[in-house]
Amino acid sequence: MNTAPVKSFDDSTNVRIAEANNPSSSVVHFPDSEPLRLACDQLLAPISIAYQTYGELNADKSNAILICHALTGDQYVASVHPMTKKPGWWETLVGPGKPIDTDRFFVVCPNILGSCMGSTGPASINPKTGRPYALNFPVITVGDMVNAQVRLIDHLGIDQLFCILGGSLGGMQVLEWASSHTERVYSAVPIATAAWHSSQNIAFHEVGRQAVMADPDWCAGDYHSHQKVPRNGLAVARMAAHITYLSEEALHNRFGRSLQRGSELTFSFNADFQVESYLRHQGSTFVDRFDANSYLYITRAMDYFDLEAEHGDVLANAFRGTKTRFLVVSFTSDWLYPTRESREIVRALNAVAANVSFVEIETDSGHDSFLLDEPEFFATVRGFLNAAGVKRGLSK
Amino acid sequence: MLKISNPPHGAHRVDHLLIAEMVEPGSRVLDVGCGDGELLQLLAQTKSVDGRGVELSRERVNACVTRGLSVIQGDADVDLDDYPDQAFDYAILSLTIQATRYPKKVLENLLRIGRQAIVSFPNFGHWRIRAQLLFTGRMPQTEYLPEPWHMSPDSHLCTIKDFANLVALVDAEVEAAVAFDSWGRRLPIRRSLSLQNLFGVKAVFVLRNRHGG
């Protein structure tokens, strides 16, 4: 067996592994008899989908909203994170009286397939071996994530979702839902996203993956068996990615060239600059809450996403005949998923005369804007949901 | 919230009221240059239309979507190319054609996208504009052309007669045409355009593609 010196995980790692297999949230299990056929043509079973719900499903089950989270997000959209103890990642948008009003809507937020917060992923125990899947987990796609969510929505007895919202990778899931399951989507809000992952985005992801894989503690993916965590590699991956979520202007305004301790350069490789210290903090806190292999698998799924190629290189074909109402949202300072890419989605929707709204929100916060308190963004989401609710016959 | 500016005459613009009269209930409408969405909202309330808007100004688009209207940020000169043929019952261009770079191309697109095109525009042939130019020797400024020439977005101003020529050039059929005088009264446009061209401050043309639809 393994020859590495046996040492036990620290507490945070133990909690993280526990959450991956036995989450604090609700979870639904689909047995071996109900496998999920993946894009790679493998069957995955059994599968678990961890999820949180907020509000009440109405009698005719017409008020359900699905929220799709991004790369490192989770199901705790409006409740305290079990590990970080921080408030929900979209608590500014989701809650009683908020734009996504849980007094009015039944909100479902699943953890995506391949993630590490209770849905099946590389950190889950493979029941056939009694050990984490690690690299034995199949490579999955955004389509696979959505098909797993379809199982959950079926399980909840919901025929048609009133709305699906998500930013970044969440937006890709929204587009996939609206394309592959159009009749089950009354309205859709893809935010800060794209119909295909750009070369630049794939390049950044590759840097992140290589950083993880270059860490000797990654142990060819089998770090759990060696009681190790590729902390340094995953932290570097997160640091690099975090830069892409911000903007030059945001970094400059927040940190400039400010120094960390006093006003002296230390003539060393310590974190002299505040921006360095900030990134190091982002990296190390991320490692405490996220599984390194999940990071590899989910970034890969994003790289593979190409709704246009899947539809004969004509994006409009992805939406032909759609009756879904769309609100496409982009942010001016988002250079990872720039407005240009949202506009491509809008053009494709116009080409099939779909019901589409498109807003570009002015902000200097970069890609992360969709997670921040942006009043104009919130106002447009609220207005869109109200109007769609009236059309759908939902009471105020 | 953005401030929604009040229309110059009463609760609604007279050209909007006229368009609202002409549009069939429940029809599909594309309003190009929809501004704050006043016409779309009027049509939704009075005619239950399935309405969409295109607007250049980001602030106005966001105000429209906040009001629950289906509006995209876009440019009439560029973004109309994407829409399929005959996708809408009406393609409306409201006091916008004079601010486009390629009015002929925009008009052709409207006639292609809509079964009918409804175009309103300020009439540069109005006697007051002619008088201003004649007596002051300077570019006119009016209620509908409020900015000095160097600030104005209106690069393609025309008279009612000029517009009628463009309609003939793109081989469209005029189904109805109305001019409004400065009191908002309707001056029906028939064979001779001279009187309307002199007294109309703005005009509304309802057009149909001779070949399509």
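Residues numbered from 1 in each chain as written. Chains lettered and ligands numbered in written order. Predicted model: local features only at pLDDT ≥ 70, side-chain atom pairs only at ≥ 80, totals over all residues.

**Thoughts on the interface of chain A and chain B**
Part 1: On the side of chain B, 16 residues touch chain A, which itself brings 20 residues to the contact.
Part 2: Taken together, the elements giving at least two residues each to the side of chain A that touches chain B come down to helix 9 (339–351), strand 14 (355–361) and helix 10 (375–392) of chain A.
Part 3: A total of 7 residues in the side of chain A that touches chain B trace back to one element, the largest contributor, which is helix 10 of chain A.
Part 4: Among the residues making up the side of chain A that touches chain B, the classes are represented as 10 nonpolar, 6 polar and 4 charged. (Contact = placed C-beta atoms within 7 Å. Helix = DSSP H or I, 4+ residues; strand = E, 2+ residues; numbered from the N terminus. Nonpolar A, V, L, I, M, F, W, Y, C, P; charged D, E, K, R; others polar.)

**Re the domain arrangement of chain A**
Residue and element names in this part refer to chain A.
Part 1: You can read the domains of chain A as domain 1 (11–199 + 306–392) and domain 2 (203–299).
Part 2: The distance between the C-alpha centroids of domain 1 and domain 2 comes to 25 Å.
Part 3: Mapped onto the side of domain 1 that touches domain 2, the elements with two or more residues apiece are helix 1 (11–21) and strand 10 (131–132).
Part 4: Examining the composition of the side of domain 1 that touches domain 2, we find that 4 residues originate from one element, helix 1, more than from any other. (Domains from an automatic or database assignment.)

**Section: the environment of A:Pro96**
Residues and elements named next belong to chain A.
Part 1: On the secondary structure map, Pro 96 appears in the loop between strand 6 (94–95) and strand 7 (100–101).
Part 2: Considering only alpha carbons, one finds Pro 96 and Glu 308, 212 residues apart in sequence, at a separation of 37 Å.
Part 3: Setting aside residues up to four positions removed in sequence, Pro 96 forms contacts with Asp 101, Thr 102 and Asp 103.

**Observations regarding helix 8 (residues 292–304) of chain A**
Residue and element names in this part refer to chain A.
Part 1: Here helix 8 spans 19 Å end to end across 13 residues, near enough to the 18 Å set by a 1.5 Å rise per residue.
Part 2: In terms of residue burial, helix 8 counts as a mostly covered element, since 10 of its 13 residues are buried.
Part 3: Among all positions in helix 8, only Ala 292, Asn 293, Ser 294, Tyr 295, Leu 296, Tyr 297, Ile 298, Thr 299, Ala 301 and Asp 303 are buried. (Expected span 1.5 Å × (residues − 1). Buried ≥ 20, exposed ≤ 12 C-beta atoms within 10 Å, placed from the backbone.)

**Description of unusual backbone geometry**
Part 1: The omega angle of the peptide bond from A:Ala45 to A:Pro46 is -10°, so this bond is cis rather than trans.
Part 2: Relative to the helices and strands, A:Pro46 is located in the loop between strand 3 (43–44) and strand 4 (47–54).
Part 3: Backbone geometry at A:Asp41 places phi at a positive 80°, although glycine is not the residue there.
Part 4: Within the secondary structure, A:Asp41 sits in the loop between strand 2 (36–37) and strand 3.
Part 5: Unlike most non-glycine residues, B:Asp171 shows phi in positive territory, near 60°.
Part 6: Here B:Asp171 shows up in the loop between helix 7 (160–169) and strand 6 (172–180).

**What to know about the pairing of strand 4 of chain A**
Residue and element names in this part refer to chain A.
Part 1: The element strand 4 is largely enclosed, with a buried count of 7 among its 8 residues.
Part 2: Alignment of strand 1 (residues 26–30) against strand 4, held across 5 bridges, turns out to be antiparallel. The partner of Val 28 across the bridge, within strand 4, is Ile 49.
Part 3: Pairing of strand 4 with strand 8 (residues 106–110), which is carried by 4 bridges, proceeds in the antiparallel orientation. Within strand 8, the residue paired with Tyr 54 across the bridge is Val 107. (Pairing = 2+ DSSP bridges.)

**Considerations on the packing of helix 10 of chain A against helix 3 (residues 58–66) of chain B**
Part 1: Running from N to C, helix 10 of chain A and helix 3 of chain B point in directions that differ by 40°, and their axes come no closer than 7 Å. Between helix 10 of chain A and helix 3 of chain B, the interaxial angle falls into the category oblique. In contact with A:Glu376, A:Ala379, A:Thr380, A:Gly383 and A:Phe384 of helix 10 of chain A, helix 3 of chain B contributes B:Asn62, B:Val65 and B:Thr66.
Part 2: For the contact of helix 10 of chain A with helix 3 of chain B, the per-class residue count stands at 3 nonpolar, 4 polar and 1 charged. (Axes fitted to C-alpha atoms, helices over the stretch in contact; angles between N-to-C directions. Parallel < 35°, antiparallel > 145°, perpendicular 65-115°, else oblique.)

**Observations regarding the nonpolar core**
Buried together is how nonpolar side chains tend to be arranged in soluble globular proteins.
All names here are of chain A.
Part 1: Formed by 170 residues in total, the largest nonpolar core has its most connected members in Ile 65, Ile 67, Val 107, Leu 161, Cys 163, Ile 164 and Val 189.
Part 2: No other element matches helix 5 (residues 231–245), which puts 7 residues into this core.
Part 3: Split by domain, this core shows at least three residues from each of two domains, domain 1 (11–199 + 306–392) and domain 2 (203–299).
Part 4: Other than its neighbours up to four places away in sequence, Val 189 contacts Cys 163, Leu 165, Val 174, Leu 327, Val 329, Val 381 and Phe 384. (Core = buried A, V, L, I, M, F, W, Y, C linked by C-beta atoms within 7 Å.)

**A short note on the packing of helix 4 (residues 199–214) of chain A against helix 5 of chain A**
Residues and elements named next belong to chain A.
Part 1: At their nearest, the axes of helix 4 and helix 5 sit 7 Å apart, and the two run at 165° to each other. In terms of orientation, helix 4 lies roughly antiparallel with respect to helix 5. The way helix 4 lies across helix 5 gives a crossing that is right-handed. For the pair helix 4 and helix 5, contact is made by Phe 204, Val 207, Gly 208, Ala 211, Val 212, Met 213 and Ala 214 and by Gly 233, Leu 234, Val 236, Ala 237, Ala 240, Ala 241 and Thr 244, respectively.
Part 2: The residue inventory of the contact of helix 4 with helix 5, partitioned by class, reads 11 nonpolar, 3 polar and no charged. (Left-handed = near helix turned anticlockwise from the far one by under 90°.)

**Looking at the pairing of strand 5 (residues 114–122) of chain B**
A regular strand places its side chains so that they alternate between the two faces of the sheet.
Residues and elements named next belong to chain B.
Part 1: Burial analysis of strand 5 places 8 of its 9 residues in the buried class, the great majority of the element.
Part 2: Direction of pairing for strand 4 (residues 88–94) relative to strand 5: parallel, over a ladder of 6 bridges. By the bridge assignment for strand 5, Ser 94 is matched with Ser 120.

**A short note on the environment of A:Val314**
Residues and elements named next belong to chain A.
Part 1: Tracing the backbone shows Val 314 in the loop between helix 8 and strand 13 (325–331).
Part 2: Judged by the 12 C-beta atoms lying within 10 Å of it, Val 314 is exposed.
Part 3: Sequence separation of Val 314 and Gln 160 is 154 residues, and the distance between their C-alpha atoms is 26 Å.

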